[in-house]
Amino acid sequence: MTANTPKPAAADALASAATRARNELARLVSYIVFGLSAVYCAWRASALPASRWEPLGAGSFPKLVFIVLAVLCLFAAIKSVIDIQRNGGMPEAVYAFGRWLKIRRISFAIYGLLVVYLAVLSTLGFSLATFGFLLIAQLLIAGVTRRTVIQSVIAALVFSFGLNMLFADVFNVFLPRGVLIAF
Amino acid sequence: MLDAFFQGAHQVFAFDTLLYMLIGSVAGIVAAAIPGFTVTMAIILTLPLTFAMEPLQGISVMLAVYVGGYTGGLISAALLGIPGTPSSVATTFDAFPMARNGEPGRALSLGVWASFFGTIISTLVLIVAAPPLAIVAVRLGPWEYFSLIVFALTIVASLVGNSLIRGLIAGVIGLGLATIGPDPMMGRPRLTFDMDLLSPGLPFLVVLIGIFAISQLLGEVEVHGKKVNHALIPKSIDFKTWEVMREVLGRPVNLIRSSMVGVVIGALPGAGGSIANLLAYDQAKRSSKTPEKFGQGIADGVVASEAGNSATAGGGLIPLISLGIPGSAVDAILMASLMVHGVSVGPRLILDHADLVYGMFIALTVASFMMLVVCVASMRLFLRVTDIPKQFIVPTVMICCVIGAFALNNRVGDLYLLGIIGLVGYILKCLDYPLAPLVLGVILGPIAETNLRRALMSDGDWTVFLTRPISALFLAAAVLSVIFSIRSIWKAHKKDNGQKGAVV
Amino acid sequence: MFHKIAMAAGLMIAAAAVTPVMAQDYPNKPIEFIVPWGPGGGSDTLMRIVGLGLSEVTGQPVPIINMPGVGGTVGLKEFAKRPADGYTISQIHEGLLTANKTGITDLDWDSFIPVALVASSPQYLTLSKNDHFKNLAELKAYAKANPGKVRAGVTLGGVPHLHMAMIEDALGVQFSYVGFRDTGQRIRALVGGNIDIAIGDVASAGEFVKNGDLLFAGVGTEERTGEEPDVPTMKEQGYDLQMAVTRGVVLPKGTPQPIVDKLADDLKKAMALDDIKAKMKNAGSDNVFVGEDDYKAYLEKLDADVTKLVGKLQG
C-alpha cells in the first residue's frame with residue numbers, strides 16, 4: 001500500500017470495516033461525477049477541429065483518455081452499488097456522512113479560510129492577507145487562549161510581513177501587491 | 001588531459017568558490033525542503049549572481065544548489081509527508097510512515113546517504129560513459145519516447161494501494177487534467193471552456209502542491225475523537241549517521257539499480273527526476289521479496305527513491321556535456337549561464353574547454369560531499385521541526401505552498417487553481433483514492449501525447465513503433481510489466497481471500 | 001502597529017500618485033521586467049542581459065519576472081494591466097505577431113508602445129547530414145522530386161513555421177511538418193536524424209555545424225554574418241528572405257512620452273556598454289539598437305509580411 005498518509009493508528013482501528021461501508025456511498029458519488037465529467041469532456045474534445053499538419057488532431061488524445069476514464073468509472077460504480085447493497089443499504093450511509101463531515105470540520109474550515117485568503121490576496125496584498133490567514137488559522141487549530149493569541153500574532157507577523165520583505169528585498173521576487181496598500 | 005584536470009581542480013578548490021558552493025548547497029537544501037519551493041526556483045535566484053562570476057565558478061555554485069536540492073526534498077517528504085520537490089514523490093511512501101513509526105532520524109539518514117551515493121554513482125557514469133550514452137539518447141525519436149512513456153505508465157500498478165480500480169481512475173484523471181490548456185502541438189486552447197483561468201493549462205507544480213501538500217495539511221487537522229494539538233511526529237530520534245550508512249551500503253543491488261534508473265532517465269531530455277524516483281521505487285518493489293511491506297516504512301523504498309532522484313543530477317549532465325543538449329529546465333539554465341560567458345556549449349565542449357568539463361565533474365563530487373556534511377550537521381535542526389505544534393506548521397506550510405505556486409510563473413491565476421486542486425486532492429484522499437498515479441498521469445500525459453503526434457507527423461505508419469528496435473523493446477517491457485502486475489495482484493487476492501477481506 | 005501601516009500606506013499612495021509624471025528622476029525605484037517566457041530560453045537569457053545593462057545605467061535593480069504561458073501571451077496580458085508609469089517593462093518578438101494573426105491572442109504589437117529593438121538573432125536554414133542534399137540547390141531539387149518527403153521541424157503556428165513557410169514558398173516545394181516546442185528540441189531531433197531540415201541559430205546549432213554534424217544552407221540576413229562568414233545569405237542564392245528573431249522592449253499604452261524617451265535613452269546607453277555587447281553576442285544576438293520610430297516602422301513592415309503568409313500557418 002503506497003498511500004502516503006496512514007491515519008493515526010487508533011482511529012484506523014475504529015474505522016476500518018465500518019468506515020469502508022460508509023465511504024462507499026461517497027465513492028459511488030465520486031465515480032458518477034467523474035464519469036459524467038469524462039463523458040462531457042470527451043464530447044467537447046471531439047468537437048475540436050482536425051489539423052492540417054498531422055493525422056491526429058488536438059482532440060484525439062483527450063478523447064481517448066476521457067473515454068477510458070468514463071468506462072473505468074462505469075465499471076467502478078457498478079461494483080460499488082453491489083457493495084453497498086451487500087453492506088446494508090442507504091440510511092446507515094447517510095448518517096455516516098454527517099460523522100464524516102464532523103471529523104473533518106477543522107479541515108474544511110481551514111480550506112474555506114484558504115479560499116477566502118486566495119480570493120482577497122490580490123486586493124489586500126500578500127502581507128496583510130497572509131497575516132490574517134495565519135492568525136485565524138492558528139487560532140482555529142489551537143483554540144483561543146492568551147498564550148496562543150500572543151504566539152500566533154508573532155508567528156503570523158514573521159511569516160507575512162517578514163517573508164514578504166525577505167522575498168522583495170533579498171530575492172527580488174515580488175509577491176502579489178494589494179490594490180490599496182503597496183506592501 | 002591531466003593538465004586540464006588540474007586546472008579545473010584549481011578553480012573549484014579556490015576558497016571563494018568553495019564558500020559560494022557551500023552557501024549554494026545550503027540554499028538548495030533549504031529551498032527544496034520547503035514544500036512549494038523548488039530547485040528550479042533556487043537556481044533562477046542564483047542565476048543573476050553567476051553572471052558576475054567566472055564560468056566554472058558560476059557553474060559550480062549552481063551544481064551545489066542542484067545537488068542540495070535533490071536531497072532537500074526528502075526532508076519534508078519524511079517529516080511532513082509532503083514531497084518537497086517533484087522528484088521526491090516516491091520518498092513520501094516509505095520515509096513518512098517510517099518517521100511516524102518513531103524513526104524520523106533513520107528515515108532522513110537513509111535518504112541522505114542514498115542521495116549521496118546516488119549522486120556519486122551518477123557522476124562516475126557521467127565521467128566514464130557520457131559520450132556513447134548521449135549519442136544513444138539523441139538518436140531516440142518520438143517513437144521511442146512514446147513507448148518509454150507507455151512503459152512508465154504501467155508502474156501505476158505499483159502505486160495503486162488498496163484499490164486497483166481507483167488507482168487506474170486517478171491515473172487517467174491525471175492524464176485528462178494534463179490535456180487542459182494549450183494543445184502541445186498547435187498551442188491552441190483546448191478544454192479551457194473559454195476561461196482565462198484555464199487557458200495556460202494546469203502547471204505540473206501547482207497540481208503537485210495542490211494534490212499532495214494541501215490535502216496532507218488539511219488531513220493533519222482532522223479531529224479523530226479528542227482534539228489534539230501535539231506535533232506531527234511522535235518523538236524525535238537519533239540520526240545514527242554511520243549505522244545507517246552501513247545499512248544503505250548493505251543494499252548494493254537496490255542502490256545501483258535505482259541509481260542507474262536515475263542516470264538513464266536523467267539522460268533522456270525531457271523526462272527527468274520527477275519520473276526517475278517513481279520508476280526506481282517501482283523497480284525496487286517488484287524485485288523485493290516482501291513487496292507488501294512497501295508503503296509501511298521499509299528502508300528499501302526510501303533508498304530507491306532518493307538514489308533514483310539524486311542520480312538524475314549526473315544523468316542530466318550527460319547530454320549537456322557531451323552534446324550541449326539540456327535534459328531539463330535546470331540544465332537549460334546552466335547552459336544559458338555558460339553561454340553568457342562565451343562558452344559555446346555543444347559537441348565540442350569537452351575538446352575546447354576540457355578544464356571546464358573536468359571542473360564540472362569535480363564540482364559535482366565536491367557538491368555531493370558538501371550536501372552530506374551540511375545534512376549530517378544540520379539534521380538535528382531539521383528534526384526540531386517535529387517539535388513544533390501543528391497550529392504553526394500547518395498554516396505556515398500552506399503559505400509556503402502559496403508562495404511557491406505563485407513564484408513559479410508569477411501568475412495569480414495559478415493560486416486559484418491551487419485552491420481548486422487542493423480541494424479535489426483532499427476529497428480524493430478522504431475517499432481513499434491513491435494520489436501518486438494522478439501525479440504520474442499529469443507528468444506523463446503531455447510527453448506521451450506530444451511524441452505520439454510527432455511520431456505520426458514524421459511517418460504516418462503505425463508499425464514504426466514496432467519496427468524500431470528500442471521502441472519495440474520498451475513496448476515489450478510494458479506488456480511484461482502488465483502481465484507481472486496482474487499476476488501479483490491475483491496472488492495477493494488469493495492470499496487475501498484466505499483471511500477474508502475484500503480488495504475492491 | 002496598524003496605525004503605522006496605515007500611515008505608511010497613505011504615504012505610499014501619495015507617492016505613487018506623484019511619481020509617474022516626473023520624468024527627470026525616472027527611474028527612482030526598481031523596474032520590473034516581465035519576460036513572458038520561461039527561464040533558460042532565448043528570450044529569458046537575452047533579456048536578463050538587457051536588464052543587467054539597464055540596471056547598470058540607471059542604478060536601479062531590474063528584476064526579471066518570468067511569466068510564461070500560451071506562446072508568451074499570458075505575461076503580456078498581465079503586463080497590459082500594469083500601471084503605465086514606466087516601472088514595468090516587457091518584451092515582444094515576432095511570435096506575438098504570428099500568435100495574433102493565427103487568432104491565439106487579441107493582443108498585437110500596437111497594443112503596447114514599442115520602445116526599442118535591442119536584440120536580433122539571425123536565423124539559418126539548417127540541414128541534417130544526409131545522403132540527398134548538402135546545400136540549398138540540392139535541397140530544392142530533392143524536394144521538387146519528392147514532394148512531402150522532406151521532414152521540416154517547426155513550431156506549428158510560431159516564428160519558425162513562418163520562416164519555413166517563406167522558404168517553401170520561395171523554393172516552390174512542399175515539405176512535411178513535424179512540430180516541436182522550441183529550437184533546442186528541433187536541433188536535437190535534427191542531430192538525431194529524426195527530421196531533415198529545421199530553422200536554427202548560432203547559439204543552438206553553431207557548435208554542431210562546427211563539428212560537422214549539421215550544415216547551414218543559408219542565413220536570412222542582408223549580408224553574411226560575422227560568426228558564420230562562409231554561409232551564404234538566402235538573398236545571394238536568389239531568394240530575398242528576411243529571417244531573424246528580433247526582440248524589443250515595450251511599455252504599456254498610456255505611458256507618458258517623457259518616460260518613453262528616457263527609457264529609450266537608457267536602453268541605448270545600456271546596449272552600448274562593452275560588457276553587455278559581449279554578453280549579447282555570446283548569447284546569440286547581434287549588437288543592434290533600433291529606436292522608437294524605426295522600430296515601429298520595422299514592426300509595421302513585419303506585420304504586412306506576416307499577414308501575407310498567415311494562410312500558410314493556419315491549420
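Calculation notes
- All residue numbers refer to position in the chain's written sequence, counted from 1.
- Lettering for chains starts from A, numbering for ligands starts from 1, and both go in the order in which the items are written.
- Given that the model is predicted, a residue must reach a pLDDT of at least 70 before its local features are reported, and side-chain atom pairs must reach 80 or more before they are shown or counted; all residues, however, enter totals for whole chains, interfaces and linings.
- Going along the chain from the N terminus, every DSSP run of H or I of four or more residues is numbered as a helix, and every run of E of two or more is numbered as a strand.
- The atom set for the radius of gyration is the C-alpha atoms, and the globule formula is 2.2 Å times the number of residues raised to the power 0.38.
- Any pair of residues counts as being in contact when their C-beta atoms, constructed from backbone geometry, are within 7 Å of one another.
- Think of it as a crowd count around each C-beta: if 20 or more other C-beta atoms lie within 10 Å the residue is buried, if 12 or fewer it is exposed, and in between it is partly exposed, with C-beta placed from the backbone throughout.
- Classification used: nonpolar for Ala, Val, Leu, Ile, Met, Phe, Trp, Tyr, Cys and Pro, charged for Asp, Glu, Lys and Arg, polar for all others including Gly.
- Should DSSP find at least two bridges between two strands, the strands are regarded as paired.
- Only C-alpha atoms enter the line fits that serve as axes; for helices the fit covers just the stretch in contact. Angles between N-to-C directions range over 0 to 180 degrees.
- Expected helix span is given by 1.5 Å per residue-to-residue step, counting one fewer step than there are residues.
- Given a residue, its bend is the angle between the two axes fitted to the seven residues that end at it and to the seven that start from it.
- Note on terminology: a nonpolar core is a set of buried residues of type Ala, Val, Leu, Ile, Met, Phe, Trp, Tyr or Cys, with members joined through C-beta atoms within 7 Å.
- UniProt positions are given in the numbering used here, feature names are shortened, and annotations may be inferred rather than shown by experiment.
- Oblique is the label for any angle not covered by the other classes, which are roughly parallel (under 35 degrees), roughly antiparallel (over 145) and roughly perpendicular (65 to 115).
- By definition, turning the near helix anticlockwise from the far helix through less than a right angle yields a left-handed crossing, and turning it clockwise yields a right-handed one.

- By the naming in an unreviewed UniProt entry, chain B goes by Membrane protein and is assigned to Thalassospira mesophila.

- Going by what an unreviewed UniProt entry lists, chain A is known as DUF1468 domain-containing protein and is assigned to Thalassospira mesophila.

### Examining the overall build of chain B
Here is step 1: Each helix and strand in chain B was counted, giving 22 helices and two strands.
Here is step 2: Its C-alpha radius of gyration of 22 Å places chain B within 12% of the 23 Å reference for a compact globule of 504 residues.
Here is step 3: Sequence-distant contacts, at least 24 apart, represent 79% of the contacts inside chain B between residues at least 6 apart.

### Section: the overall build of chain A
Here is step 1: Regarding its fold elements, chain A presents six helices and zero strands.
Here is step 2: Across chain A, helices and strands are ordered from the amino to the carboxyl terminus as α-α-α-α-α-α.
Here is step 3: Buried positions account for 34% of the 183 residues belonging to chain A.
Here is step 4: Across chain A, contacts joining residues at least 24 apart in sequence account for 64% of those joining residues at least 6 apart.

### Side note on the interface of chain B and chain C
Here is step 1: On the side of chain C, 39 residues touch chain B, which itself brings 37 residues to the contact.
Here is step 2: In terms of residue count, the dominant contributor to the side of chain B that touches chain C is helix 15 (residues 329-340) of chain B (six residues).
Here is step 3: Its residues assigned to classes, the side of chain B that touches chain C comprises 21 nonpolar, 11 polar and five charged.

### Points about the environment of A:Leu28
All names here are of chain A.
Here is step 1: Looking at the secondary structure, you find leucine 28 in helix 1 (residues 9-46).
Here is step 2: When the C-alpha atoms of leucine 28 and isoleucine 84 are compared, they prove to be 9.1 Å apart, with 56 residues separating the residues in sequence.
Here is step 3: Not counting residues up to four positions away in its chain, the partners in contact with leucine 28 are Ala77, Ser80, Val81 and Ile84.

### Looking at the sheet that holds strand 8 (residues 197-200) of chain C
Here is step 1: The mixed open sheet is built from five strands, whose spatial order is 7-6-8-5-9 (chain C). Edge strands, defined here as strands with exactly one partner in the open sheet, are strand 7 (176-179) and strand 9 (214-219) of chain C. If you compare each strand with its neighbour and ignore which way they point, the axes differ by 35° on average.
Here is step 2: Judged from the two bridges that link them, strand 6 (residues 151-154) of chain C and strand 8 of chain C form a sheet pairing that is parallel. Considered in strand 8 of chain C, the bridge of C:Ala152 is made with C:Ile197.
Here is step 3: Across the sheet, helix 20 (residues 436-458) of chain B is in contact with strand 6 and strand 7 of chain C; its angle to strand 7 of chain C comes to roughly 165°.
Here is step 4: Along the sheet, helix 7 (residues 183-191) of chain C makes contact with strand 5 (124-128), strand 6, strand 8 and strand 9 of chain C, crossing strand 8 of chain C at roughly 140°.

### Section: helix 6 (residues 104-139) of chain B
All names here are of chain B.
Here is step 1: Here helix 6 spans only 44 Å end to end across 36 residues, well under the 52 Å set by a 1.5 Å rise per residue.
Here is step 2: At alanine 129, helix 6 shows its strongest bend, of approximately 85°, with the proline proline 131 following within four residues.
Here is step 3: Of all the 36 residues making up helix 6, 26 are buried; the element is thus mostly covered by neighbouring parts of the structure.

### Overview of unusual backbone geometry
Here is step 1: C:Tyr26 connects to C:Pro27 through a cis peptide bond whose omega is -10°.
Here is step 2: Relative to the helices and strands, C:Pro27 is located in the loop between helix 1 (2-18) and strand 1 (32-35).
Here is step 3: Residues other than glycine seldom take positive phi values, yet B:Asn410 does so here, at roughly 55°.
Here is step 4: Mapped onto the secondary structure, B:Asn410 falls in the loop between helix 18 (390-409) and helix 19 (412-430).
Here is step 5: On the neighbour-count criterion, B:Asn410 (21 C-beta atoms within 10 Å) is buried.
Here is step 6: The phi dihedral of C:Val70 falls on the positive side, at around 45°, and the residue is not glycine.
Here is step 7: Inspection of the secondary structure puts C:Val70 in the loop between strand 2 (64-66) and helix 3 (73-81).
Here is step 8: Using a count of 22 C-beta atoms within 10 Å as the deciding quantity, one classes C:Val70 as buried.

### Side note on the nonpolar core
Here is step 1: Formed by 324 residues in total, the largest nonpolar core has its most connected members in A:Leu69 and B:Val439.
Here is step 2: Ranked by residue count, the leading element in this core is helix 17 (residues 354-383) of chain B, at 17 residues.
Here is step 3: For B:Val439, the contacting residues outside a window of four places in its chain are B:Val89, B:Gly174, B:Val207, B:Leu208 and B:Ile211.

### Thoughts on the UniProt feature "transmembrane region" (unreviewed entry) in chain A
All names here are of chain A.
Here is step 1: Within the UniProt annotation, "transmembrane region" (unreviewed entry) is assigned to residues 28-45, 65-82, 108-141 and 153-175.
Here is step 2: Taken end to end, residues 108-141 comprises 97% helix and 0% strand; its first and last C-alpha atoms sit 12 Å apart.
Here is step 3: What you have in residues 153-175 is 83% helix and 0% strand, and the ends, taken at the C-alpha atoms, are 21 Å apart.

### Considerations on the pairing of strand 1 of chain C
Residue and element names in this part refer to chain C.
Here is step 1: Along strand 1, one buried face is formed by Glu32 and Ile34 and the opposite face, lined by Phe33 and Val35, is buried too.
Here is step 2: Two strands pair when backbone bridges link them, and strand 1 and strand 3 (residues 88-93) are joined in this way by three bridges, in the parallel orientation. Each bridged residue has a counterpart across the sheet, and for phenylalanine 33 the counterpart in strand 3 is isoleucine 89.
Here is step 3: Examined bridge by bridge, strand 1 and strand 2 share three bridges and lie parallel to one another.

### Thoughts on the interface of chain B and chain A
Interface size is commonly expressed as the accessible surface area that is lost when the partners come together.
Here is step 1: Every contact between the two is made by 64 residues of chain B and, on the other side, 59 residues of chain A.
Here is step 2: Those elements that provide at least two residues to the side of chain B that touches chain A are helix 5 (89-100), helix 9 (164-178), helix 10 (204-220), helix 18, helix 19 and helix 20 of chain B.
Here is step 3: Counting residues per element, the side of chain B that touches chain A draws most heavily on helix 18 of chain B, which supplies 11 residues.
Here is step 4: Class assignment for the residues of the side of chain B that touches chain A results in 38 nonpolar, 16 polar and 10 charged.

### A look at helix 3 (residues 39-50) of chain B
Residues and elements named next belong to chain B.
Here is step 1: Its 12 residues give helix 3 an end-to-end C-alpha distance of 16 Å, which sits within 8% of 16 Å, the value for a rise of 1.5 Å per residue.
Here is step 2: Inspection of helix 3 places Val39, Thr40, Met41, Ala42, Ile43, Ile44, Thr46, Leu47 and Thr50 among the buried residues, and these make up the whole buried set.
Here is step 3: If you follow the buried residues of helix 3, they end up packed against helix 2 (15-33), helix 4 (55-79), helix 15 and helix 18.

### Some words on the sheet that holds strand 1 of chain C
What holds strands together in a sheet is hydrogen bonding between their backbones, with the strands either parallel or antiparallel.
Residue and element names in this part refer to chain C.
Here is step 1: As summarised here, the arrangement of the six strands in space is 2-1-3-10-4-11, forming an open sheet in which the pairing is mixed. In this open sheet, the two strands that pair with only one neighbour each are strand 2 and strand 11 (286-290). If you compare each strand with its neighbour and ignore which way they point, the axes differ by 25° on average.
Here is step 2: Across the sheet, helix 9 (residues 257-271) touches strand 4 (112-122), strand 10 (244-252) and strand 11, and the angle it forms with strand 4 is around 20°.

### Some details on the packing of helix 2 of chain B against helix 17 of chain B
Residue and element names in this part refer to chain B.
Here is step 1: Running from N to C, helix 2 and helix 17 point in directions that differ by 60°, and their axes come no closer than 10 Å. Taken together, the axes of helix 2 and helix 17 lie oblique to each other. When the axes of helix 2 and helix 17 are compared, the crossing they make is right-handed. Across the interface between the two elements, Met21, Leu22, Ser25, Val26 and Ile29 of helix 2 pack against Val366, Ala367, Met370, Met371, Val374 and Cys375 of helix 17.
Here is step 2: Here the residues of the contact of helix 2 with helix 17 are counted per class, giving 10 nonpolar, one polar and no charged.

### Here's the deal with the pairing of strand 8 of chain C
All names here are of chain C.
Here is step 1: A two-sided burial pattern is seen for strand 8, the buried positions comprising Ile197 and Ile199 on one face and Ala198 and Gly200 on the other.
Here is step 2: Bridge count between strand 5 and strand 8: four bridges; the pairing is antiparallel. Following the sheet pairing, leucine 127 is matched in strand 8 by isoleucine 197.

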